[in-house]
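# Coordinate analysis (summary)
For reference, the chains in residue letters:
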Protein chains: 2
Amino acid sequence: MDAEAIKRSLEGSGLRCTAQRYAVMEFLMDHKGHPTAAEIFEAVNHVDPRSSRATTYNNLRDLVKAGLVREVAVEGRAGRFDLQGMRHHHFICDRCGNVEDMEWFDVPRPASRSLGKRIVRECHLIFRGLCPKCAQRSASR
Amino acid sequence: MDAEAIKRSLEGSGLRCTAQRYAVMEFLMDHKGHPTAAEIFEAVNHVDPRSSRATTYNNLRDLVKAGLVREVAVEGRAGRFDLQGMRHHHFICDRCGNVEDMEWFDVPRPASRSLGKRIVRECHLIFRGLCPKCAQRSASR
DNA sequence: AGACAGTTTAGATTATATCTAATATAATAT
DNA sequence: ATATTATATTAGATATAATCTAAACTGTCT
Ligand SMILES: [Mn+2]
Ligand SMILES: [Mn+2]
Ligand SMILES: [Zn+2]
Ligand SMILES: [Zn+2]
């Protein structure tokens, strides 16, 4: 049932449902913790068929372009990926760099005067601070 | 006068006002276009005294930690820096990766229930889409 | 079968950022 | 002024992240 959903979403975006692509989508579906490309590459290669690093990066890029996957850039660290499921914002930990989901809520649109000639595709909030684990650690010192 | 302001803000953060640090601050003050570390390094080395790459990165990191400078991560590209002046949001161009300032407006706080044990230091909106230059380019094709 | 576009691959290459450990500098104490 | 000390700088090596290359493979269509 999820298998079919993945297949359909790939084909709906004009992407062939290859074993390598499917594996990336399946891994993201099962791991909501915003893995890096390297982690995804490692993980999908524990099971057959093997996928190359270039393919993992190529596929992640294609999936982001197709709007099925989202990339979250983190300063000084590898980018992290998640499925574009329910809309949500993000929290990034200053200390460990982990990315966590935050409940979605609507954000006021900027005045069209301040938008100028830009074309806005999406907008997304980034909260920063200490994640629960790091907050606790820093409190107990 | 700006010179004094830079000096004071460095010392107020417990950072010595060295020639290299001053040069980074001065460059950011004069170039509001969110330069990369490499661009800052290049630029401050057109004038004496020469600063090394390591120092540029070290200083940018210290300045960010001190809250005087902000870093904006962009997926697949070098991080970009700006002075922490007036609060503002950011717009990142899908095509060219340029970062532009967007007028500040308050963002509703997430429900404390959804915050959990996190400690939020800041929150900041990222708009994405096409910058004016790229929007025009893509329209005329 | 043959043709073709899309996809995958290993490894090289580029881009970005950090580390190392020797040296220099600024602030403070004597 | 000189000594002491914590901070800061440096060149170059190293680490990490991402992309490129060109050849091989796969699925679809005729
Ligand atoms: Mn997410
Ligand atoms: Mn800015
Ligand atoms: Zn954390
Ligand atoms: Zn642009």
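The residue numbering used here restarts from 1 in each chain and proceeds along that chain's sequence as written. Following the order in which they are written, the chains are lettered starting with A and the ligands numbered starting with 1. Local features in this predicted model are restricted to residues whose pLDDT is 70 or higher, and side-chain atom pairs enter the listing and the counts only when it is 80 or higher, whereas totals over whole chains, interfaces and linings include all residues. The basis for every side-chain value is the complete set of heavy atoms in the structure, and neither hydrogens nor water enter the calculation.

### Focus on the environment of Ala66 of chain A
Residues and elements named next belong to chain A.
- One can find Ala66 in the loop between α4 (53-65) and β1 (69-72).
- When accessible area is computed with a 1.4 Å probe and restricted to protein chains, residues below 20% of their type maximum are described as buried, those above 50% as exposed, and intermediate ones as partly exposed. On the accessibility criterion, Ala66 (32% relative accessible area) is partly exposed.
- Residues Ala66 and Ser51 lie 15 residues apart in sequence; the distance between their C-alpha atoms is 20 Å.
- Whether two residues are in contact is decided by their heavy atoms: any pair within 4.5 Å suffices. Other than its neighbours up to four places away in sequence, Ala66 contacts Ser13 and Leu15. We count a stretch as a helix when DSSP gives it H or I for four or more residues in a row; a strand needs E for two or more, and each element gets its number in order from the N terminus.

### Side note on the interface of chain B and chain A
- Residue-level contacts link 36 residues of chain B with 36 residues of chain A.
- Contact between chain B and chain A buries roughly 3000 Å² in total, counting both sides, with carbon and sulfur atoms accounting for 62%.
- On the chain B side of the contact with chain A, Arg118, Ile119 and Arg128 of chain B bury the most area, a combined 19% of that side's loss.
- Just to be clear on terms, a salt bridge is a Lys or Arg side-chain nitrogen sitting within 4 Å of an Asp or Glu carboxyl oxygen. Put simply, chain B and chain A have 8 salt bridges between them.
- Across the salt bridge formed by Glu100 of chain A and Arg118 of chain B, the nearest N and O atoms sit 2.2 Å from each other.
- Contacts described as polar in this section are N or O atom pairs within 3.5 Å, which, within protein, must combine one atom able to donate a hydrogen with one able to accept it, while residues neighboring in sequence count only if both atoms come from side chains. For the pair chain B and chain A, the interface holds 12 residue pairs in polar contact (both at pLDDT 80 or more).
- Mapped onto the side of chain B that touches chain A, the elements with two or more residues apiece are β4 (99-102), α5 (112-115), β5 (119-130) and α6 (132-139) of chain B. The quantity reported as buried area is the accessible area (1.4 Å probe) lost by two parts once they are put together, taken as the sum for both.

### Quick word on the nonpolar core
- Only buried Ala, Val, Leu, Ile, Met, Phe, Trp, Tyr and Cys residues count toward a nonpolar core, and they belong to the same one when joined by side-chain atoms within 4.5 Å. Grouped together as the largest cluster of nonpolar side chains are 28 residues, with contacts concentrated most on Phe91, Leu125 and Phe127 of chain A together with Phe91, Leu125 and Phe127 of chain B.
- When residues of this core are traced back to their parent elements, those giving at least two are β3 (89-93), β5 (119-130) and α6 (132-139) of chain A together with β3 (89-93), β5 and α6 of chain B.

### Some remarks on the domain arrangement of chain A
All names here are of chain A.
- Here the domain parsing of chain A yields domain 1 (1-84) and domain 2 (86-141).
- Where each domain starts and ends follows an automatic or database-derived domain assignment. Here domain 1 and domain 2 have C-alpha centroids that lie 22 Å from each other.
- Residue-level contacts link 12 residues of domain 1 with 15 residues of domain 2.
- Roughly 960 Å² of surface becomes buried between domain 1 and domain 2 when both sides are summed, with 43% attributable to carbon and sulfur atoms.
- At the junction of domain 1 and domain 2, the tally comes to 1 salt bridge.
- For the salt bridge of Arg128 with Glu75, the shortest nitrogen-to-oxygen distance reads 3.1 Å.
- For the pair domain 1 and domain 2, the interface holds 9 residue pairs in polar contact (both at pLDDT 80 or more).
- Elements with a contribution of two residues or more to the side of domain 1 that touches domain 2: β1 and β2 (80-83).
- Amino acid classes used here: Ala, Val, Leu, Ile, Met, Phe, Trp, Tyr, Cys and Pro are nonpolar; Asp, Glu, Lys and Arg are charged; the rest, including Gly, are polar. Considering only residue class, the side of domain 1 that touches domain 2 consists of 4 nonpolar, 3 polar and 5 charged.

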